[in-house]
Structures are given as structure tokens and as C-alpha cells.
Amino acid sequence: MQSVIKVDLGPQSYNVCVRSGGLDELGSLMGGLNLGKKVLLVSNQSIFRHYGERATAGLESAGFQVDNCILPPGEQYKTLNSVQKIYGAALENRLERSSTMVALGGGVVGDMTGFAAATWLRGINVVQVPTSLLAMVDAAIGGKTGVNHPLGKNLIGAFHQPRLVLIDPDVLKTLPAREFRSAMAEVIKYGVIWDVELFEKLESCKRLDQMRYVKADLLAEILSRSCQAKADVVSKDEKESGVRAILNYGHTIGHAVESLTGYKLVNHGEGVAIGMVASSRLAVELGMWDAECDGRQLDLLAKAGLPTKLPAGMDVEEILKSLQLDKKVQDGKVRFVLPVRLGEAAVSNRVDGDVIIQVLKEML
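Since the model is a prediction, treat every value here as computed from it, not as a measurement. (Residues numbered from 1 in each chain as written. Predicted model: local features only at pLDDT ≥ 70, side-chain atom pairs only at ≥ 80, totals over all residues. Heavy atoms only, no water.)

## Considering the UniProt feature "domain: 3-dehydroquinate synthase C-terminal" (unreviewed entry) in the protein chain
Our working rule: UniProt positions are given in the numbering used here, feature names are shortened, and annotations may be inferred rather than shown by experiment. For helices the rule is a DSSP run of H or I covering at least 4 residues; for strands it is a run of E covering at least 2, with both sets numbered from the N terminus onward.
Sites flagged by UniProt as "domain: 3-dehydroquinate synthase C-terminal" (unreviewed entry) map to residues 184-329. Measuring from the first to the last C-alpha atom of residues 184-329 gives 26 Å, for a span that is 60% helix and 0% strand.

## A short note on the state of the cysteines
A covalent bond between the sulfur atoms of two cysteines is referred to as a disulfide. So the rule is basically this: Note on terminology: disulfide denotes any pair of cysteine sulfur atoms within 2.5 Å. Burial classes: relative accessible area under 20% of the type maximum marks a residue as buried, over 50% as exposed, and values in between as partly exposed (1.4 Å probe, protein chains only).
Applying the stated criterion across every chain, the model contains 0 disulfides. Left without a disulfide partner, Cys17 is nearest to the cysteine sulfur of Cys227, which lies 11 Å away. Assessed through its relative accessible area of 6%, Cys17 is described here as buried.

## Considerations on the layout of surface pockets
Worth spelling out the cut-off: A pocket, in this scheme, is an open set of points on a 1 Å grid over the protein atoms alone with protein on both sides within 12 Å along at least 5 of 7 lines, while a cavity is a set where a 1.4 Å probe fits but cannot get out; residues line either one if an atom lies within 4 Å of a point. Grid points are joined across faces, edges and corners, and a volume is the space filled by probe spheres set on the points. Amino acids outside the nonpolar list (Ala, Val, Leu, Ile, Met, Phe, Trp, Tyr, Cys, Pro) and the charged list (Asp, Glu, Lys, Arg) are all regarded as polar, and Gly is one of them.
Its boundaries defined by the atoms lining it, the second largest pocket holds a volume of some 200 Å³. Pro11, Gln12, Ser13, Tyr14, Leu33, Ile124, Asn125, Val126, His160, Gln161, Pro162 and Arg163 are the residues that line the second largest pocket. Taken together, the residues of the lining of the second largest pocket break down into 6 nonpolar, 5 polar and 1 charged.

## As for empty space enclosed by the protein
Inspection of every chain in the model, using the stated rule, returns 4 cavities of 30 Å³ or more. Of the volumes computed, that of the largest cavity is approximately 80 Å³. Lining the largest cavity are Leu151, Gly152, Lys153, Leu155, Thr252, His255, Ala256, Ser322, Leu323, Leu325, Asp326 and Lys327. Taken together, the residues of the lining of the largest cavity sort by class into 5 nonpolar, 4 polar and 3 charged.

## Focus on the pairing of strand E6 (residues 125-130)
This is how the line gets drawn: What makes two strands pair is DSSP finding at least two bridges between them. By the criterion used throughout, a crossover qualifies as right-handed when its path from the first strand across the helix to the second strand runs clockwise, the strands pointing away from the viewer.
Counted residue by residue, E6 has 6 buried out of 6 residues, so it is predominantly covered. Where strand E5 (residues 100-105) lies against E6, 6 bridges are found, and the strand directions are parallel. Residue pairing across strands places Gly105 opposite Pro130, the latter belonging to E6. As a crossover connection, the stretch from E5 through helix H4 (residues 107-119) into E6 is right-handed.

Here you go:
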């Protein structure tokens, strides 16, 4: 499996390389990018145990001087305290403005490493090496970096584009089944908002809840089409002043659910799936799209083993309060991404609170 997708951002353009076995070529792929010699490899304990030695060997064989910073795994550690640990390692290992941070891990590692790179010495190079399907199709591409605040997800962050994204599908062999299912929410999202053909290909697969049911050719399509969709949108709108906002489909309510459950009960993809169901229902209520499409999306999410109801015991009023803290609020109004037809979505700030309450209550 091999492809190269360009994220076209003028002087900040970079490639997303999808390459089986590519982890061993990390150093050679970075070699021609003028990244300096010092590299800080940031990972978590679990991922580093599986892939740290290979990544380090690949870097050192290309002449890079490698040190590492190993963090505990989990969304609950996506905090400024963890970023401080990265800063400490950067200081201890004398990273310079020409140096590079390499994020080896899922979206949590990628977001924190990107944010640390954006802010260390006012900005140094970062290379993303995502090891989860969710990070491969979403978090590693586009330059959004950040950490969570106790009151909301990703409220602290910066845009900082990577110099390279290396996706090695072979590392997915160690991905837990729940993490695979979580990623399918983002893949289905691309089908709804951008790529009808991807949506239909997913519909043709009998099961999407475990990677062993997804044939190699479909996995290749999932990776290439999802990455291409993300690259297309980011190339049109780097800093989310326009069309890029549609990538937040499902994320507004999804982030609220993640935050209110302490980032432990519901993971990111599960939150997005719940948010997609809610946004779809809102769009039906507003007459923006039809119940048949709503049903097709619901069927796909269920086929992927994703939740389509709110967790038991959630307080609808608390969700509404949390929505007001969302970073996409504009002039005090919550902005929702709502589907219009398969392959197209729109942003609206005209969703009445009573309709939101009605839909959320139906999802309890």
C-alpha cells in the first residue's frame, strides 16, 4: 500500500505519505526536508514499547541525533502538564530552532507534540507519525494542535503545520478493536460531508466494527480517500475561516459529551458518532436533509459498532451549558455543522435551543 497526498499550502505545503513498512524509512523520508540533526521523539508508553526502537533506528540510520519523551497514554493526560514534560525534554536535550519534534502515537500524542513544537522557541519543526487509524485519517493532517482545559476539549491550541505526515498501515495490526471502531466515526464523517463514493463503499462492507472484516483494498481506500478529503479541505482553508469548519461535523455535541464524561467513559470517535446522530436529527428537524439519509448514516454507525445514544445519566441542560464553551461559538451562538445531502454539509448558527433539547432528549 503506497500513495502520496499533497496538502497544498504554498510555502507550508507538505506530503502525507501512506507507505506499508514506512516506519523503517522515517529517517530517509525526513532526510531531504532540511530539518536539522536534533530530534525529540515524543510517544506514549504503549506505542513506544511497540514501535519506539524501529522509529529510533530509522532516524539514527539517517544521521539524526534522537532523544525521547515518553508520556502516559490517555485523553485525560492531554493537558498543559504533559506539554510541560515535552518542554522539559526539549530543554534538557538542547533543541534548537532548526530541531524537530516527531510525534509517534495517536491523536493525543500528535496534538500535544504539535502544540509543543508550535510554542517551543516560538515554533520548531514537527513531523507526525500517527499510529492509530483515527490519527491517520484526521488528527495528524491539517496542523490543528492543542490540549484540553478541564472545562472543554482543545480550548488551548495553535495552528502549526507538520513538515511531513508518515502513515504506515502496518502498525494498525496492534490497534485495539475499540480504537478501530472510534476511527470509523471520522471516516463515515468524510463520507457524509465530502465523499459520497466513500460512503457507498462503506455501505457495501458487511461489518466495520473490527479491522479483520475490512479487506485490504477497502482499508487502502479508507486511508487514501479520508486523507485526500482532509487535504482538500485544509488546502482550501488552512485556519478554519470558511469551508474547513465542515470537518467539525459531529464534534460540537461530541466534544461536550467527551468533556462531561471526564474523557474516560466516551472516547473521541464515540463522541463524534453521538454528535453526528444529533446533528443529523437537527438537520432533519430543520428540513435541511431527509430522514432516509439520516437512517443510512445511523445504519453505518451501527455497523461500525459505534454508540448512537447519549450515555445513561447525562444531563441535557449540562450539555447545553458545555456547548456555550465550545471554541466554535460565534457572537454567543453555537455553530453546528449540518448535513445537506450526502457529500455536502453547511454551517448554521440558527439552531434553536428548544430543538437541541428535543433531539438530545430523544437520544437519552
